[in-house]
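# Overview (structure and organization)
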Amino acid sequence: DGEKSVGALLAERLQNAAPEEIVGMLADAAELRPEEVAAVPKKGEPAALQWKHNLGAGATVDMEVKADMAQKLAEVARGAVQAIGMCFCSV
């Protein structure tokens, strides 16, 4: 809302959450740094509790990647590895 901190927004959301949602939100919030809890998002700005929010919201994996897209992704991955000077990595 542009006025409340992430911590205050979380507290409001916890009041109406189901027990299983509360456990998840608290576990996610425990990973936040104090300055992230104190931050005040701009009005309309999303404030994710952690990077896994898409998976926690029910996202699924689609392993069917078309050949042309797989080639493009491989090129991007190789470029990223070279840009940061890695010799080995996995995703």
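Residue indices begin from 1 for each chain and proceed along its sequence in written order. With the structure being a predicted model, the display of local features is reserved for residues of pLDDT at least 70 and the display and counting of side-chain atom pairs for 80 or more, all residues being used for whole-chain, interface and lining totals. Hydrogens and water are ignored here; the side-chain numbers use all heavy atoms of the structure.

### Let's talk about the overall build of the protein chain
Rules: Strands are runs of DSSP state E lasting at least 2 residues, helices are runs of H or I lasting at least 4, and numbering of each runs from the N terminus. Residue exposure (1.4 Å probe, protein chains only): buried if accessible area is under 20% of the type maximum, exposed if over 50%, otherwise partly exposed. What makes two residues a contact is simply this: any of their non-hydrogen atoms within 4.5 Å. In these tables, accessible area is a Shrake-Rupley quantity obtained with a 1.4 Å probe, and a residue counts as shielded only by the protein chains included in the view.
The number of helices and strands found in the protein chain is five helices and zero strands. Scanning the protein chain from its N terminus toward the C terminus, one meets helices and strands in the order α-α-α-α-α. Each of the 91 residues in the protein chain was classed as buried or not, and the buried ones make up 11%. Across the protein chain, every contact between residues at least 6 apart in sequence was considered, and the portion connecting residues at least 24 apart equals 61%. When the accessible surface of the protein chain is totalled, it reaches about 7600 Å², and 60% of it is carbon and sulfur.

### Observations concerning the nonpolar core
Our working definition: What makes a nonpolar core is a set of buried Ala, Val, Leu, Ile, Met, Phe, Trp, Tyr and Cys residues whose side-chain atoms join them at distances within 4.5 Å.
Formed by V6, L10, A17, M25, A29 and L32, the largest nonpolar core amounts to six residues. Mapped onto this core, the elements with two or more residues apiece are α1 (6-15) and α2 (19-29).

### Points about a nonpolar patch on the surface
Stated formally: Excluding any residue in a salt bridge, patches collect residues exceeding 30% relative accessible area, merging like charges within 9 Å and nonpolar Val, Leu, Ile, Met, Phe, Trp and Tyr side chains within 5 Å. The salt bridge criterion pairs a side-chain nitrogen of Lys or Arg with a carboxyl oxygen of Asp or Glu, the two atoms within 4 Å.
On the surface, a cluster of nonpolar side chains totalling about 260 Å² of accessible area is made up of V65, M69 and L73. Examined against the element boundaries, V65 turns out to sit in the loop between α4 (53-56) and α5 (67-83).

### Details of the packing of α1 against α2
Note the threshold: The axes are straight lines fitted to the C-alpha atoms, using for helices just the contacting stretch, and the angles between their N-to-C directions are given from 0 to 180°. Orientation is classified from the angle alone, with under 35 degrees giving roughly parallel, over 145 giving roughly antiparallel, 65 to 115 giving roughly perpendicular, and any other angle giving oblique. Handedness of each helix crossing follows the sense of rotation of the near helix against the far helix: counterclockwise by less than a right angle gives left-handed, clockwise gives right-handed.
In contact at an axis separation of 10 Å, α1 and α2 are set at 165 degrees when each is read in the N-to-C sense. It follows from the interaxial angle that α1 and α2 lie roughly antiparallel. Where α1 crosses over α2, the two elements pack in a sense that is left-handed. Contacts between α1 and α2 involve L10, R13 and L14 from the former and I22, M25, L26 and A29 from the latter.

### Concerning the pattern of salt bridges
Here the structure, examined in full by the defined rule, presents three salt bridges. Of the charged contacts, one joins E12 and K4 as a salt bridge, the two residues approaching to 2.9 Å between their closest N and O atoms. Residue E35 is joined to R33 by a salt bridge in which the shortest nitrogen-to-oxygen separation is 2.7 Å. Given the relative accessible area of 48%, E35 is considered partly exposed. Judged by relative accessible area, which is 46%, R33 ranks as partly exposed. Salt bridges sharing partners connect three or more residues here, namely R33, E35 and E36.

### A look at α5
Going by this rule: For a helix, the expected span equals 1.5 Å multiplied by the number of residues minus one.
The end-to-end C-alpha distance of α5 is 24 Å, a good match for the 24 Å that 17 residues give at a rise of 1.5 Å each. G85, located one to two residues past α5, shows a positive phi value of around 75 degrees.

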